[in-house]
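Single-letter residue listing:
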Amino acid sequence: MRILVVEDDQVTQSFLKKGLTEQGYQVEVACDGQDALFQALEGEFQLIVLDRMLPKLDGLTVLNTLRSAGKTLPVLILSALDSVDDRVKGLREGGDDYLVKPFAFAELLARIEILLKRSAPNQTTQETTLQVADLTMNLLTREVSRQGRSISLQPKEFQLLRYLMEHPGQVVTRTLLFEAVWHYDFDPQTNVIDVHVARLRKKVESDDLAPILETIRGVGYRLVDSSVR
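None of the values given here were measured: they were computed from a predicted structure.

**Q** Tell me about empty space enclosed by the protein, and name the residues and values.
**A** Applying the stated rule across the entire model yields one cavity of 30 Å³ or more. Taken as a whole, the largest cavity holds about 30 Å³ of empty space. The wall of the largest cavity is formed by M1, G24, Y25, L139, R142, F158 and R162. Residues belonging to the lining of the largest cavity are distributed by class as follows: four nonpolar, one polar and two charged.

**Q** So, helix α9 (residues 192-204): which residues are in play, and what are the values?
**A** Along its 13 residues, α9 runs 18 Å from first to last C-alpha, staying within 8% of the 18 Å computed at 1.5 Å per residue. Looking only at α9, the buried set comprises I193, H196, V197, L200 and V204. Considered in projection along α9, the buried side chains sweep an arc of 100° and stay on one side of the axis.

**Q** Which residues make up the environment of T173, and what values go with them?
**A** Among the structural elements, T173 can be located in strand β10 (residues 172-173). The exposure class assigned to T173 is partly exposed, which follows from its relative accessible area of 27%. When the C-alpha atoms of T173 and Y221 are compared, they prove to be 6.5 Å apart, with 48 residues separating the residues in sequence. Residues contacting T173, with those up to four places away along its chain left out, are V219 and G220.

**Q** Let's hear about the packing of aromatic side chains: which residues, and what values?
**A** What the rule picks out here adds up to two aromatic pairs. Arranged with centres 6.3 Å apart and planes meeting at 55°, the rings of F15 and F103 form a pair that is tilted. With a gap of 88 residues between them, F15 in helix α1 (residues 10-22) and F103 in the loop between β5 (97-100) and α5 (105-118) connect regions that are remote in the sequence. Among the residues examined, F15 registers a relative accessible area of 43% and is labelled partly exposed. By the ring-pair criterion, three or more aromatic residues cluster together here, those being F15, F103 and F105. Cation over ring: R2 sits above F45, and NZ or CZ is 4.5 Å from the ring centre. Over the face of the ring belonging to Y25 we find R142, whose NZ or CZ atom lies 5.4 Å from the ring centre.

**Q** Provide a residue-level description of the pairing of strand β12 (residues 220-223), including the pertinent values.
**A** Sheet analysis places β10 next to β12, joined by two bridges and oriented antiparallel. Bridge pairing in β12 links V172 to Y221. Across four bridges, strand β11 (residues 213-216) lies against β12 in antiparallel orientation. Each bridged residue has a counterpart across the sheet, and for E214 the counterpart in β12 is R222. The antiparallel hairpin formed by β11 and β12 contains three residues in its connecting segment, where G218 sits at a positive phi of about 80°.

**Q** Tell me about the nonpolar core, and please be specific about residues and values.
**A** By size, the foremost hydrophobic cluster in this structure holds 27 residues, and its most contacted members are L135, L161 and L223. Those elements giving two or more residues to this core turn out to be β6 (129-132), β7 (135-138), α7 (155-165), α8 (174-182), α9 and β12. Looking at which element gives the most residues to this core, the answer is α7, with six residues. Those residues in contact with L223, other than ones at most four positions away along the chain, are V132, L135, L161, L164, M165, P168, G169, I212 and L213.

**Q** A description of the packing of α7 against α9 should follow, citing residues and the corresponding values.
**A** Interhelical geometry of α7 versus α9 gives an angle of 80° and a closest axis separation of 10 Å. Judged by the angle between their axes, α7 and α9 are roughly perpendicular. On α9, the residues that touch K156, E157, L160, L161 and L164 of α7 are H196, V197, R199, L200, K203 and V204. The residue inventory of the contact of α7 with α9, partitioned by class, reads six nonpolar, one polar and four charged.

**Q** Account for the sheet that holds strand β3 (residues 47-50), with residues named and values stated.
**A** Taken in spatial order, the five strands of this open sheet run β2-β1-β3-β4-β5, and their pairing is parallel. Of all strands in the sheet, those bounded by a partner on one side alone are β2 (26-30) and β5. Between one strand and the next, the sheet's axes are offset by a mean angle of 20°, whatever the strand orientation. Relative to strand β4 (residues 75-79), β3 runs parallel, the two being bridged by three bridges. Within the sheet, the bridge partner assigned to I48 lies in β4 and is V75. The sheet strands contacting helix α2 (residues 33-42) are β1 (2-6), β2 and β3, and the helix crosses β2 at an angle near 140°.

Calculation notes
Residues numbered from 1 in each chain as written. Predicted model: local features only at pLDDT ≥ 70, side-chain atom pairs only at ≥ 80, totals over all residues. Heavy atoms only, no water. 1 Å grid on protein atoms, 1.4 Å probe; cavity = no way out; pocket = protein on both sides within 12 Å on 5 of 7 lines; lining within 4 Å. Points joined across faces, edges and corners; volume = space filled by probe spheres on them. Nonpolar A, V, L, I, M, F, W, Y, C, P; charged D, E, K, R; others polar. Helix = DSSP H or I, 4+ residues; strand = E, 2+ residues; numbered from the N terminus. Expected span 1.5 Å × (residues − 1). Buried < 20%, exposed > 50% of the residue type's maximum accessible area, 1.4 Å probe, protein only. Arc of directions from axis to C-beta. Contact = heavy atoms within 4.5 Å. Phe/Tyr/Trp six-rings, centres within 6.5 Å; stacked < 30°, edge-to-face > 60°. Lys NZ or Arg CZ within 6 Å of the ring centre and 35° of its normal. Pairing = 2+ DSSP bridges. Core = buried A, V, L, I, M, F, W, Y, C linked by side-chain atoms within 4.5 Å. Axes fitted to C-alpha atoms, helices over the stretch in contact; angles between N-to-C directions. Parallel < 35°, antiparallel > 145°, perpendicular 65-115°, else oblique.

Below is the structure:
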């Protein structure tokens, strides 16, 4: 899920980017209306978090231009303008939601999840859900379960499992995992992947659940259908 954060305040922008990235989203940023409009028109995003008071082009102008260009992706307006008239105007200009600053990050995250879920009503279950054996992952709600039991994952654990579930039965090298999840070149001296995989394995293979996450010594890891091993 790619999110465009449009915010000219550097502190708020950094806070949003860090928080959303930690939740597993791919985040791009724009600090003025012109750059925001360019990125939104040229790029592929699933949602925009949009400030109203921006340099060069104000947020509502950006929003109105996007809607006129046929862009229907959800836009969450995040603004210090908190009067009823301001909120109504933002929604009538094409905003899908309006959150007033200062805000609680947990509330912002919940609103984003709801907007993303609502924006994909015609997607098939196959497109929004990953399944390997009895392990299921919902990409919209970020819920993971096995045999009907809910599994609570940290953001990096979720990203790690998602990558493995997108390549079922394949041996995924530690280098690939490191670059895909941490977005850095692989450092052979680090044990960060081993630590996260160990934590992930305890969660997806807990209690009486059959092994599903296989270690290929010296190479990487593989997610397998334990029922056909």
